[in-house]
Amino acid sequence: MPYQEDRAAWFNGQGLWQHIPEADWSDWTWQLKNRLTSVEQLEQYMVLTPEEKAGCEFANQKLSLAITPYFFNLIDRDNPHCPIRLQMIPRSGEAQISAEEMLDSLGEDSHSPVPGLVHRYPDRVLFLVTDRCAAYCRYCTRSRLVSNAQHYDFHPEYEQGLRYIEAHPEVRDVLLSGGDPLLLSDKKLEHLLARLRGIKHVEFIRIGSRIPTFLPQRITPALCDIFKKYGPIWMSIHVNHPRECTQELKDACERLSYAGVPLGNQSVLLKGINDDADVMKALVQRLLRMRVRPYYIYQMDLITGGSHFKVDVRKGIEIIRALRGHTTGYAVPQYVIDAPGGGGKVPVNPDYVEKITDEEVVFRNFEGKQFRYPLTHTPLHKPVEEAAREIPIEALRIH
Ligand SMILES: *Cc1c(COP(=O)(O)O)cnc(C)c1O
């Protein structure tokens, strides 16, 4: 069934916080200070299911509970299956650990030459600059360290990280992540970007952030000026469901775009949230309308207590098949599995090719129709013009 745009489409506004002065509401520090971080606070606004209550009790040993008022407004409090609710409110499933799961499922710690710096690929590094986020996704790939609920005591070593990058001329691409890099103060962020820009071999700088989605108020003109000054800075935002595409997010993306920041999106395929071709299609189409190019859909990492989010990979492939050819090519992301243990991101795509030999490639299109592309060259031994006249049109046409 096509995904129906609901009343909340594009509109968010102050919702439950009508009584707050607009100046406070639109101040990102107010949003952070007034996050919902306890069962008691949640219960002021909604009735939790027993599963959620049990989850909340366990949450603080795993990954802190925190939701910005802005994002909390997106939750349908009457619907336990609300896709925003399922992402943000802990459930008892978090306490169920499976044998396949790992604390550091991507082997990041073993690929870190310096605390907070992951050097997995030859030409680029992942630089974790903080362990804090504006709000916490219950399926977080870095639950082990983010929010410090598991006493991991993550301390990013900026100076050591920068010196490592300076000393490694093969690093041409630096990805700032965390936690959420946009939680750093403008001053700290500017310092980091200035230092990175000063390294001659660093030609590509990008930021991975969910702040435009959780806290669009953080995308201030002053922040955008920093991106302009040190640009090009690319950004991967993180949106999983069309309901997250509010007017506020759209405006924030516009401010970033106007500051010259190219935007991509990373989604995680999540059970009961976006494991549906119609929902995903609505999401990627809305992203394009916000100047955001869908970049990756991730298969859920094997984090501890995450199995209630896990989707069958065949379902993910089916979703990509439902997008490719059926909507704008720009809207179709790469579906990847980040290989457990640290193999990097590997695309898992629908198979269109049926056969490749020295003579031909046989493949199917988005409608399932079969085509062949010859790899042979059969000379006709005739003058070009004469030959062209003689080639039956049918021979040029794929059947
Ligand atoms: C995802 C990731 C990158 C960036 O990968 P791209 O495919 O270039 O977006 C770099 N390093 C690490 C460790 C990563 O996990």
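Just so it is clear, the structure is predicted and the values come from calculations on it, not from any experiment.

Quick word on the site of the ligand
Moving on, step 1. Every residue near the ligand is listed here: Val118, Arg120, Tyr121, Arg124, Leu126, Leu175, Arg206, Tyr295, Tyr296 and Lys345.
Moving on, step 2. Separating an oxygen atom of the ligand from a side-chain N or O atom of Arg124 is a distance of 2.8 Å.
Moving on, step 3. Arg206 is positioned with one of its side-chain polar atoms (N or O) 2.8 Å from an oxygen atom of the ligand.
Moving on, step 4. Expressed as a share of its isolated accessible area of 390 Å², the protein-covered part of the ligand is 90%.
Moving on, step 5. At the level of secondary structure, the elements contributing two or more residues to the shell around the ligand comprise β1 (117-121), β2 (124-128) and β7 (292-298).
Moving on, step 6. A total of three residues in the shell around the ligand trace back to one element, the largest contributor, which is β1.

What about the packing of helix α8 (residues 186-197) against helix α10 (residues 221-230)?
Moving on, step 1. Between α8 and α10, the shortest axis-to-axis distance is 10 Å and the interhelical angle comes to 5°. Relative to α10, the element α8 is oriented roughly parallel. For the pair α8 and α10, contact is made by Asp186, Leu189, Glu190, Leu193, Ala194 and Arg197 and by Ala222, Leu223, Ile226, Phe227, Lys229 and Tyr230, respectively.
Moving on, step 2. Its residues placed into classes, the contact of α8 with α10 shows eight nonpolar, no polar and four charged.

A few points about the side chain of Glu101
Moving on, step 1. Structurally, Glu101 is set in the loop between α6 (83-88) and β1.
Moving on, step 2. Within the buried set, Glu101 has no salt-bridge partner at all; the shortest N-O distance to an opposite charge, 6.3 Å, is to Lys310.
Moving on, step 3. Polar contacts involving the side chain of Glu101 include one to the main-chain amide nitrogen of Ser98, which spans 3.0 Å.
Moving on, step 4. Beyond its immediate sequence surroundings of up to four residues, Glu101 is in contact with Gln96, Leu302, Ile303, Thr304, Gly305, Gly306 and Ser307.

Section: the packing of helix α12 (residues 277-289) against helix α13 (residues 313-323)
Moving on, step 1. Where α12 contacts α13, the two axes come as close as 9 Å, and the packing angle between them is 55°. Of the possible angle classes, the one that applies to α12 and α13 is oblique. As α12 packs across α13, the resulting crossing turns out to be right-handed. Here α12 contributes Ala277, Met280, Lys281 and Val284 to the contact with α13, which in turn contributes Ile319, Ala322 and Leu323.
Moving on, step 2. Tallied by class, residues from the contact of α12 with α13 come to six nonpolar, no polar and one charged.

Some words on the nonpolar core
Moving on, step 1. Ranked by internal contacts, the top residues of the largest apolar core, which has 95 residues, are Ile165 and Phe227.
Moving on, step 2. Once residues within four sequence positions are removed from consideration, Phe227 is found in contact with Leu182, Leu189, Leu193, Ile207, Ile233, Met235, Leu256, Ala259 and Val261.
Moving on, step 3. If you look at the next biggest cluster of nonpolar residues, it comprises 11 residues, including Leu63, Val118, Leu128 and Phe154.

Points about the pattern of salt bridges
Moving on, step 1. Scanning the model with the defined rule gives 26 salt bridges in all.
Moving on, step 2. Between Glu108 and Arg142 there is a salt bridge; the shortest N-O distance is 2.8 Å. You can see Glu108 sitting in the loop between α6 and β1 and its partner Arg142 sitting in the loop between β2 and α7 (158-167), a full 34 residues away along the chain. You'll find Glu108 and Arg142 in the same group, each marked buried.
Moving on, step 3. A salt bridge links Arg195 to Glu159; the shortest N-O distance between them is 3.1 Å. Placement of Arg195 in helix α8 and of Glu159 in helix α7 is noted, with a sequence separation of 36 residues between them.
Moving on, step 4. The exposure class of Glu159 is partly exposed, given its relative accessible area of 33%.
Moving on, step 5. Shared partners join several salt bridges into a network, and the residues in it are Asp104, Glu108, Asp109, Arg142 and Arg144.

Digging into a nonpolar patch on the surface
Moving on, step 1. Together, Val353, Ile356, Tyr373 and Leu375 make up an exposed nonpolar region whose accessible area comes to about 390 Å².
Moving on, step 2. With respect to the helices and strands, the residue Tyr373 is situated in strand β12 (residues 370-374).

Regarding the sheet that holds β2
Moving on, step 1. In space, the nine strands of this open sheet follow the order β1-β2-β3-β4-β5-β6-β7-β8-β9, with mixed pairing throughout. On the outer flanks of this sheet lie β1 and β9 (344-347), each paired with one strand and no other. Strand after strand, the sheet turns through a mean of 30° between neighbouring axes, direction not considered.
Moving on, step 2. The sheet contact formed by strand β6 (residues 263-268) and β7 spans six bridges and is parallel. Bridge pairing in β7 links Gln266 to Tyr296.

Rules used in this analysis
Residues numbered from 1 in each chain as written. Predicted model: local features only at pLDDT ≥ 70, side-chain atom pairs only at ≥ 80, totals over all residues. Heavy atoms only, no water. Near = heavy atom within 4 Å. Polar contact = N/O pair within 3.5 Å; in protein donor to acceptor, adjacent residues only side chain to side chain. Areas by Shrake-Rupley, 256 points an atom, 1.4 Å probe, with all protein chains shown as cover. Helix = DSSP H or I, 4+ residues; strand = E, 2+ residues; numbered from the N terminus. Axes fitted to C-alpha atoms, helices over the stretch in contact; angles between N-to-C directions. Parallel < 35°, antiparallel > 145°, perpendicular 65-115°, else oblique. Contact = heavy atoms within 4.5 Å. Nonpolar A, V, L, I, M, F, W, Y, C, P; charged D, E, K, R; others polar. Buried < 20%, exposed > 50% of the residue type's maximum accessible area, 1.4 Å probe, protein only. Lys, Arg positive; Asp, Glu negative; His and termini not counted. Salt bridge = Lys/Arg side-chain N within 4 Å of Asp/Glu carboxyl O. Left-handed = near helix turned anticlockwise from the far one by under 90°. Core = buried A, V, L, I, M, F, W, Y, C linked by side-chain atoms within 4.5 Å. Patch = residues over 30% accessible without salt bridge, like charges linked within 9 Å, V, L, I, M, F, W, Y side chains within 5 Å. Pairing = 2+ DSSP bridges.

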